[in-house]
Amino acid sequence: MSRQSMRSNDPKKVSGELFTLTYGSLVAQLLKDYENVDDVNRQLERMGYNIGMRLIEDFLARANPGRCYDLRDTADKIQQAFKLYLGVSPSIGSWSPGGDEFSVVLETNPLAEFVELPDHCLSLRYSNILAGVIPPISHLRILAHLPRERWKSLLTGLRKDIECSSIVYSHLEVEKGMFNE
Amino acid sequence: MAVCVSVIGKENSPLYIWVGNGKEELHLHYLAHTALDVIQEKVSAVNKTPGDTRELYLGLLYASEEYKVFGYTTNTRIKFVIITDAANTTLRDNEIRMMFRRLHNMYTNVVCNPFYVPGEQITSREFDKGVGALVAGN
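Just so it is clear, the structure is predicted and the values come from calculations on it, not from any experiment.

Visitor: Sorry, what's going on with the overall build of chain B here?
Guide: Looking only at helices and strands, one finds three helices and five strands in chain B. Ordered by position from N to C terminus, the α and β elements of chain B give β-β-α-β-β-β-α-α. By the compact-globule yardstick of 14 Å for 138 residues, chain B fits well, its C-alpha radius of gyration being 14 Å. Seen through its principal axes, chain B has C-alpha atoms that stretch 45 × 40 × 25 Å. Counting across all 138 residues of chain B, residues that qualify as buried make up 43%. A sequence separation of at least 24 residues applies to 53% of the contacts in chain B between residues at least 6 apart. Counting only carbon and sulfur atoms, one obtains 51% of the accessible surface of chain B, whose full area is about 7,800 Å².

Visitor: Looking at this structure, I do not really get the confidence of the model for chain B. What am I missing?
Guide: One rule of thumb: low pLDDT means the predicted coordinates there are not for detailed reading. Averaged over all residues, the pLDDT of chain B equals 83, while 91% of them reach at least 70. If you check the scores for this complex, the pTM reads 0.73 and the ipTM reads 0.70.

Visitor: Would you take a moment to explain the interface of chain B and chain A for this structure?
Guide: It is common to give the size of an interface as the accessible area lost on bringing the parts into contact. At the junction of the two partners, chain B supplies eight residues and chain A supplies 16 residues. Carbon and sulfur atoms supply 60% of the area buried between chain B and chain A, which totals about 1,000 Å² over both sides. Broken down residue by residue, the surface that chain B buries against chain A is led by Pro-114, Phe-115 and Arg-125 of chain B, which jointly contribute 60%. One can count zero salt bridges joining chain B with chain A. Counting the contacts that link chain B with chain A gives zero residue pairs in polar contact (both at pLDDT 80 or more). For the side of chain B that touches chain A, the secondary structure elements donating two or more residues are α2 (93-112) and α3 (125-136) of chain B. Taken together, the residues that form the side of chain B that touches chain A break down as three nonpolar, three polar and two charged.

Visitor: Looking at this model, I keep getting lost on the packing of aromatic side chains. Mind explaining?
Guide: Centre-to-centre distance and the angle between the planes together describe a pair of aromatic rings. Residues and elements named next belong to chain B. According to the stated counting rule, one finds five aromatic pairs over all chains in the structure shown. Between Tyr-16 and Phe-127 the ring centres are 4.7 Å apart and the planes differ by 85 degrees, which places this aromatic pair in the edge-to-face class. Of this pair, Tyr-16 sits in strand β2 (residues 14-19) while Phe-127 sits in helix α3, and the two are 111 residues apart along the sequence. Across the pair, exposure class does not vary: Tyr-16 and Phe-127 are buried alike.

Rules used in this analysis
Residues numbered from 1 in each chain as written. Chains lettered and ligands numbered in written order. Predicted model: local features only at pLDDT ≥ 70, side-chain atom pairs only at ≥ 80, totals over all residues. Heavy atoms only, no water. Helix = DSSP H or I, 4+ residues; strand = E, 2+ residues; numbered from the N terminus. Rg over C-alpha atoms; globule rule 2.2 N^0.38 Å. Buried < 20%, exposed > 50% of the residue type's maximum accessible area, 1.4 Å probe, protein only. Contact = heavy atoms within 4.5 Å. Areas by Shrake-Rupley, 256 points an atom, 1.4 Å probe, with all protein chains shown as cover. pLDDT = per-residue confidence, 0-100. Buried area = accessible area lost by both parts, 1.4 Å probe. Salt bridge = Lys/Arg side-chain N within 4 Å of Asp/Glu carboxyl O. Polar contact = N/O pair within 3.5 Å; in protein donor to acceptor, adjacent residues only side chain to side chain. Nonpolar A, V, L, I, M, F, W, Y, C, P; charged D, E, K, R; others polar. Phe/Tyr/Trp six-rings, centres within 6.5 Å; stacked < 30°, edge-to-face > 60°.

Here it is in structure tokens:
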């Protein structure tokens with residue numbers, strides 16, 4: 001009973017599992033259509049880019065975050081946005097010594113709840129859509145992706161035992177366009 | 001201690017069979033297959049009383065000198081069969097029910113994987129690990 005009353009307050013909310021399953025079937029269908037893993041990665045990133053362009057308006061309207069004065073503010077806002085839209089709190093870390101690169105680590109990825117990548121597409125960046133969302137909203141650039149475990153690709157950062165570069169953002173591009181009031 | 005765990009699809013095709021170490025694999029495969037007949041009997045018997053909500057757990061299907069066979073069916077005609085040693089009397093009905101429930105949960109997780117087509121063989125590593133944990137837990 002209480003669940004129904006919660007849902008009636010905000011009819012636009014859907015269950016998280018439905019979202020996960022929808023994204024899953026989207027990726028599976030893309031794979032079937034393109035058959036080439038790199039193409040799929042690119043498409044996912046492009047979709048993420050489109051979503052990001054629209055999401056930034058919504059984020060500014062809802063959260064009214066204010067201007068970002070430096071990269072750390074930007075990182076904070078990104079964290080806030082993840083919390084708002086996906087309900088997960090990523091951790092921001094691995095700041096480079098110059099303060100112009102950082103990584104975003106998602107401990108639990110709601111998009112990849114039940115997913116196991118089959119052997120023929122191990123290089124699929126399953127959550128590439130998340131990676132696509134960041135550039136349009138912050139004018140930052142993604143330099144690398146790291147698989148957190150062998151078969152899940154997340155927008156994640158460094159772990160000492162995995163030797164790859166982290167996701168890094170270039171400081172210069174931040175100055176070109178910041179969150180505006 | 002469960003000796004064999006198997007998942008059988010709607011058209012009675014095997015989706016997953018796990019057999020414990022050092023056991024006679026072929027014999028156990030055969031037992032799981034014959035258990036299907038018993039399952040079909042039980043399921044059609046219940047269907048004769050419409051309106052009766054069908055119980056998913058089918059209980060002890062068949063007991064021989066060496067093995068006991070338990071069955072469980074889902075509403076989508078997927079069957080789970082667990083075969084245990086007959087000598088092992090410590091496994092109570094409740095525990096078997098728990099095992100089936102966990103199996104069912106693991107199966108639904110596999111089905112939710114967007115890369116798994118229902119009706120295919122189950123090759124998921126998570127499922128393998130889960131089954132290992134399930135039998136080791138006893």
